[in-house]
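Geometric and topological summary
One-letter residues, chain by chain:
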Amino acid sequence: MTSGASTEVREPVSPELVLVAPPDVARVARDRLPDPLAARRRLHAAPALATSGGGVAAVAVPAPRARRRRWTWWLAAAVAVGLAVAEAVFFQGSVFNRSSASEWRTLSGRGNNVDHPSWGEENRPYLRVAPFSYTNGLGKMDAGPPARYISNRIFNDVGQNLFSESAVSQWGWVWGQFLDHTFGLRNEKPGERTPIPFDSNDPLERFKNDLGKIDFTRTPRAPGTGVTRPRQEINTVPSFIDAFAVYGGSDSRLEWLREGPVDGKMSNNRATLLLPDGYLPRVNARDRGLSAGRKRAVPAPAMDLMGPLVGNRSQAIVSGDVRANENIALTATHTLFAREHNRIVSLLPASLPEEDRFQIARRVVGAEQQYITYREFLPALGVHLSPYHGYDPNVDPTISNEFATVGYRVHSMVHGEFEPTVQAGTYTRDELEAFERQGIEVERARGNVTLVIPLGLAFGNPSLLQAVGLGPLLKGLGAERQYRNDEQIDESLRSILFQIPKPGKRDPRSCGSPVVQPGCFSDVQDIGAIDIERGRDHGMPHYNQLRVAYGLAPKGSYAETTGASTESFPRSRMIGRRAPIDDPDILDFTKLRDADGKVIPLTSDEAEEGAVVGKRRTTLAARLKGIYGTGNVDKVDAFVGMLSEPHVRGTEFGELQLAMWKKQFEALRDGDRFSYRNDPMLDRIRSQYGIDYRRTLADLIRLNTGEKVAPDVFKAPID
């Protein structure tokens, strides 16, 4: 397969090209010449060609040779003039018309909808689907059971992994996070500080917290809200699948990311992105070659720092989105698309202006991300949307507060480890020993080496990606199933988010095997508890109210919510009768099953890698009742209730979460004027340069790393 060549062209080529010659003639002529522009010029200068397939044919008129030559000359001249006009039209419109701002995506998202230019724009309030829920109707957070108390009884996985029943690979949650960092980012400036209570005397608490509480600050209120009208929050990034995470939302960030000087002039930037040694640039990447006569280094755009990067900022990488350092899988995905941008640029004629080459590549990369999202990612999770009927200017694609704050929080899917596998000899002995010193387990079997990388070690550690290698890491994500999307959250996220073991631990590997060891850490950060509290912060309605807002009937009991047969605690010697909700034994697993329904022994190796269904000593409904009280299903937090629902058959979601995803992703598709299914420029780019956006994620991994991967990386093999 020729790199960048279209292997399947179902749509007709652009009308402009048909004016020049039959599509097959034009394509052959271009392929034989290194410069497509020269190909067009030679083709235009030639007389019309006789074809047997219905193309343009020259008419033979009996005449003296001299007369026939004059007729042919005039015909050729007329054709040349006509085609020159057609070419001028082609260049001034479509791909090359930079004077028409409406033909290009803005970095801010403004102007996507010509009649409603602010729809989907950055720094605008989230949409609201459901009524606000504040104690005073304006902005005071609703009260409820302490979030960490709920987390210990609902989200606590006690070290037992349950995997996707549909064999969705780790690409499920990684792509989901990459999209989240493309179209959603609340205002992260700290608002009012409202810490989450931490009770060290809770019988279900395994961890110690030297701070005595879990830090939490409210999202700042949008201007003009929270005083005389309900509090609202801002989405600081555009609400589109537009490759924002690659390019960012400002000229200053984009200029820093592009090769060329950083002098405030985009006109002298190159079309390619800055990728030293094929990896994203560090914050100090521009310190050596000072541009435009600067005496001081060009400061890098701001990036979020976490884990080891807090004390070592120079190791942070820079990308379009500030969160690119969060974990090595996310960093790898950013890197993949930066490489893809440069690969596309390399396929374009050098005669084109740099800005045109950049914008064409950006257009294709954005379309590739949409194509993967709607053709691979959503179907893999069982999300099937209504038929597409074209761009609808009456649909507002803006991300809703409910989707961002409740529906799209799928932290339970996040796997606790990465396991890239390579051939023995890929890494040197010194490199393998360095991995082990960091806390990575090295497994050797059948001529291969597998690195078992704990999730905690992957936080804020972009240097680890380069040490492991982009190809092995990306390939490894497709080789293992993600965790089941349920109420359980891995301890790496539920208790030690972004933390590193405290000083004095000689062997970091002991801190995460077989489960996270509380003694290695001195602070607690619980993403599940934060998710609950963020819902209260943003005025999310309770579970049943949110169901009604999305067209679903409310649930009448905890048992109906979870699909359990009972919401009562069992009479058992293992559980105290006085306060069963406070007995740690209520979380014990009593039975495990694999994807085929086969019972798995609790202490077997298969229990660690093959369980998709787990039965506990108590039902989830009983624990919800013990937390929220008898008959109080209407008071269940929306996030908790959503994750407690049984899955709709064939999907990874319960009814409410599925409804939220369908509504939002349909709006993102239907309300985007530049949707890959509505953008005629993509067809023109394909017909003009042979560059096709219709690439699977597997295609992009192969093209940009050379790794051999399965055709569908969103589905993991089952041993």
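Here goes a summary of the coordinates provided. Fair warning: this is a prediction, and the values are worked out from it, not measured in the lab.

What follows covers the overall build of the protein chain. Broken down by element type, the protein chain carries 25 helices and 11 strands. In the structure as shown, the protein chain presents an accessible area of about 31,500 Å², 51% of it carried by carbon and sulfur atoms.

Moving on to the pattern of salt bridges. What the rule picks out here adds up to 35 salt bridges. Ionic pairing is found between arginine 231 and glutamate 233, a salt bridge with its closest N-O pair at 4.0 Å. In this structure arginine 231 comes out as buried when scored by relative accessible area, which is 4%. Under the relative-accessibility criterion, glutamate 233 is labelled buried at 0%.

Moving on: the nonpolar core. With 153 residues, the main nonpolar core has Trp171, Trp175, Phe377, Phe418, Leu451, Trp661 and Phe665 as its most contacted residues. Sort the elements by how many residues they give to this core and helix H10 (residues 354-380) lands first, with 12 residues. Setting aside chain neighbours within four positions, we find leucine 451 in contact with Phe418, Glu419, Pro420, Tyr427, Leu432, Phe435, Ile440, Glu441, Val442 and Val468. Ranked by size, the runner-up nonpolar core spans six residues in total, among them Leu162, Phe589, Ala607 and Ala611.

Packing of helix H9 (residues 328-347) against H10 brings their axes to within 9 Å, and their N-to-C directions diverge by 130 degrees. Accordingly, the angle class assigned to the pair H9 and H10 is oblique. Like other packed secondary-structure pairs, H9 and H10 cross with a definite hand, here right-handed. Note on element contacts: H10 touches H9 through Arg357, Phe358, Ala361, Arg362, Val364, Val365, Glu368, Gln369 and Ile372, opposite Phe337, Glu340, His341, Ile344 and Val345. The residue makeup of the contact of H9 with H10, split by class, is eight nonpolar, two polar and four charged.

A word on the environment of lysine 213. Note on placement: lysine 213 falls in strand E3 (residues 213-214). When the C-alpha atoms of lysine 213 and serine 200 are compared, they prove to be 9.5 Å apart, with 13 residues separating the residues in sequence.

Time to look at the pairing of strand E9 (residues 589-593). Here E9 runs beside strand E11 (residues 613-616); their pairing, made up of four bridges, is antiparallel. Paired with lysine 591 across the two strands is lysine 615, which belongs to E11. In terms of strand pairing, E9 meets strand E10 (residues 599-600) through two bridges, oriented antiparallel. What sits directly across from leucine 592, in E10, is isoleucine 600. Here E9 folds back onto E10, and the loop between the two strands holds five residues, one of which, glycine 597, carries a positive phi near 90 degrees.

Moving on: the sheet that holds E10. Read from one edge to the other, the open sheet built from three strands follows the order E10-E9-E11, with strand pairing classed as antiparallel. In the strand order of this sheet, the two ends are held by E10 and E11, each with one partner.

Before going further, it helps to spend a moment on the environment of alanine 559. By secondary structure assignment, the location of alanine 559 is in helix H19 (residues 558-562). With a relative accessible area of 16%, alanine 559 lands in the buried category. When the C-alpha positions of alanine 559 and lysine 625 are compared, they lie 9.2 Å apart, and in sequence the two are 66 residues distant. Discounting chain neighbours no more than four positions away, the residues touching alanine 559 are Ala564, Glu567 and Ala621.

About the criteria used
Residues numbered from 1 in each chain as written. Predicted model: local features only at pLDDT ≥ 70, side-chain atom pairs only at ≥ 80, totals over all residues. Heavy atoms only, no water. Helix = DSSP H or I, 4+ residues; strand = E, 2+ residues; numbered from the N terminus. Areas by Shrake-Rupley, 256 points an atom, 1.4 Å probe, with all protein chains shown as cover. Salt bridge = Lys/Arg side-chain N within 4 Å of Asp/Glu carboxyl O. Buried < 20%, exposed > 50% of the residue type's maximum accessible area, 1.4 Å probe, protein only. Core = buried A, V, L, I, M, F, W, Y, C linked by side-chain atoms within 4.5 Å. Contact = heavy atoms within 4.5 Å. Axes fitted to C-alpha atoms, helices over the stretch in contact; angles between N-to-C directions. Parallel < 35°, antiparallel > 145°, perpendicular 65-115°, else oblique. Left-handed = near helix turned anticlockwise from the far one by under 90°. Nonpolar A, V, L, I, M, F, W, Y, C, P; charged D, E, K, R; others polar. Pairing = 2+ DSSP bridges.

Remember, this is a structural readout, not a statement about activity or role.
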